[in-house]
Amino acid sequence: MARPRKPLLSRDRIVGAASALVDAEGLDAVSTRRLAAVLGVSGPSLYNHFRNKEEILDAVADAVSIQVDLSMFEESDSRDWRAALHDWALSYRAALAAHPHIVPVLARGPGRRPAGLRVADAVFGAMVGAGWPPAQATRIGALMRYFITGSALGSFAGGFVDDETAYDPADYPHLGQAHLLADHRRQVDEGAFETGLRALLDGLAIQYEQYARPVGGDGDDTATVRPAPNRP
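Since the model is a prediction, treat every value here as computed from it, not as a measurement. (Residues numbered from 1 in each chain as written. Predicted model: local features only at pLDDT ≥ 70, side-chain atom pairs only at ≥ 80, totals over all residues. Heavy atoms only, no water.)

**A short note on the overall build of the chain**
- Scanning the chain for helices and strands turns up eight helices and two strands.
- Listing each helix as α and each strand as β along the chain from the N terminus yields α-α-α-α-α-α-α-α-β-β.
- Looking at the chain residue by residue over its 232 residues, the buried ones come to 35%.
- Taking all contacts inside the chain whose residues are at least 6 apart in sequence as the whole, residues at least 24 apart take part in 65%.
- Of the roughly 13,900 Å² of accessible surface on the chain, 54% is carried by carbon and sulfur atoms. (Helix = DSSP H or I, 4+ residues; strand = E, 2+ residues; numbered from the N terminus. Buried < 20%, exposed > 50% of the residue type's maximum accessible area, 1.4 Å probe, protein only. Contact = heavy atoms within 4.5 Å. Areas by Shrake-Rupley, 256 points an atom, 1.4 Å probe, with all protein chains shown as cover.)

Structure below.
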């Protein structure tokens with residue numbers, strides 16, 4: 001009887017194994033030696049697909065970016081720029097929340113990663129198409145990335161211990177309920193993100209009135225929008 005063949009090594013298999021390691025143990029768990037052992041291959045065989053560990057982690061990060069919904073930025077979608085940013089931010093954060101250990105790699109920016117670049121392209125294109133000047137559209141993309149990745153780097157509620165004695169009212173008179181935060185981690189953290197996101201979008205809406213103006217006459221709610229003159 002012929003011996004069963006080992007599954008062929010591929011980029012997808014390597015990325016899948018690396019993603020599982022990152023999710024389970026963090027970035028430091030990934031090495032070419034460890035991956036080779038998990039995949040049942042020799043270490044040098046990985047270099048037929050990736051030059052080094054950094055390229056592997058980039059591919060893991062891009063696999064997360066692929067999970068982010070971009071449908072709200074398509075021309076056929078009826079959502080305005082504010083609703084599009086809101087819904088995209090929720091999808092982006094959900095993808096990062098499912099894979100928190102890879103967030104530091106994503107926070108560095110898209111670099112040459114195809115999926116990451118598609119995200120950046122979609123956001124920038126939608127903002128310019130909505131009437132934001134290109135320079136401000138770039139800043140909005142940066143602002144959103146700072147906010148979303150920053151929120152996924154750690155848990156506010158999870159930063160407090162479940163021990164009432166740790167918060168002596170003599171020292172911390174306003175933290176009498178802090179030991180309860182860990183039990184409501186998801187509610188607190190998701191509520192904080194939604195609060196911050198709405199505040200951010202409220203601020204952008206005020207700026208939008210300064211950066212863009214309707215085309216098609218006064219009072220025409222269906223008019224398109226173009227950048228106001230003399231703005232950066």
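**Overview of the pattern of salt bridges**
- Scanning the model with the defined rule gives nine salt bridges in all.
- With its nearest N and O atoms 2.8 Å apart, the salt bridge here joins Glu25 to Arg34.
- Looking at Arg34, the relative accessible area reads 32%, which means it is partly exposed.
- Via salt bridges that share partners, Asp58, Asp62 and Arg113 belong to a single interconnected network. (Salt bridge = Lys/Arg side-chain N within 4 Å of Asp/Glu carboxyl O.)

**Here's the deal with a negative patch on the surface**
- A surface patch of like charges, here negative, comprises Asp162, Asp163, Glu164 and Asp183.
- Tracing the backbone through its elements, the reader meets Glu164 in the loop between α7 (134–152) and α8 (185–211).
- Given a relative accessible area of 54%, Glu164 falls into the exposed group. (Patch = residues over 30% accessible without salt bridge, like charges linked within 9 Å, V, L, I, M, F, W, Y side chains within 5 Å. Lys, Arg positive; Asp, Glu negative; His and termini not counted. Charge placed at Lys NZ, Arg CZ, Asp CG, Glu CD.)

**Notes on the packing of aromatic side chains**
- Overall, the coordinates contain eight aromatic pairs when judged by the stated rule.
- Taking the centre distance of 5.1 Å and the plane angle of 40 degrees together, the rings of Trp81 and Tyr208 count as tilted. In this pair, Trp81 is assigned in helix α4 (residues 81–98) and Tyr208 in helix α8, connecting sequence segments 127 residues apart.
- With a relative accessible area of 13%, Tyr208 lands in the buried category.
- Taking the centre distance of 5.4 Å and the plane angle of 40 degrees together, the rings of Trp88 and Tyr92 count as tilted. (Phe/Tyr/Trp six-rings, centres within 6.5 Å; stacked < 30°, edge-to-face > 60°.)

**Description of the side chain of His179**
- In this structure, His179 sits in the loop between α7 and α8.
- Only 3.4 Å separates the side chain of His179 from the backbone oxygen of Gly176, close enough to count as a polar contact.
- Apart from residues no more than four positions distant in its own chain, His179 is found in contact with Val161, Asp162, Asp163, Glu164 and Tyr167. (Polar contact = N/O pair within 3.5 Å; in protein donor to acceptor, adjacent residues only side chain to side chain.)

**Details of the side chain of Arg113**
- Here Arg113 is to be found in the loop between α5 (103–106) and α6 (114–129).
- Among the polar contacts listed, one links the side chain of Arg113 to the side chain of Asp58, at a separation of 3.1 Å.
- Beyond its immediate chain neighbours, meaning those up to four positions away, Arg113 contacts Asp58, Ala61, Asp62, Val105 and Leu106.

**With respect to α7**
- For α7, built from 19 residues, the straight-helix expectation of 27 Å at 1.5 Å per residue is met to within 8% by its first-to-last C-alpha distance of 27 Å.
- Every buried residue belonging to α7 is among Gln136, Ala137, Ile140, Met144, Ile148, Thr149 and Ala152, and all of these are buried.
- On its buried face, α7 is in contact with α4, α5, α6 and α8. (Expected span 1.5 Å × (residues − 1).)

**Focus: the environment of Ile148**
- Relative to the elements of secondary structure, Ile148 occurs in helix α7.
- Residue Ile148 is classed as buried on the basis of its relative accessible area, which comes to 0%.
- With sequence-adjacent residues up to four places away left out, Ile148 is seen in contact with Trp88, Ala89, Tyr92, Arg93, Leu96 and Phe193.

**Quick notes on α4**
- An ideal rise of 1.5 Å per residue puts 26 Å on 18 residues; α4 measures up with 26 Å between its terminal C-alpha atoms.
- Along α4, the residues that are buried comprise Trp81, Ala84, Leu85, His86, Trp88, Ala89, Ser91, Tyr92, Arg93, Ala95 and Leu96.
- In this structure, the buried side of α4 is in contact with α3 (53–65), α5, α6, α7 and α8.

**Quick look at the environment of Pro134**
- Mapped onto the fold, Pro134 is located in helix α7.
- Taking the relative accessible area as the measure of exposure, Pro134 reaches 48% and is therefore partly exposed.
- Residues Pro134 and Phe124, spaced ten residues apart in sequence, show a C-alpha to C-alpha distance of 7.8 Å.
- Not counting residues within four places of it along the chain, the set of residues in contact with Pro134 comprises Phe124 and Val128.

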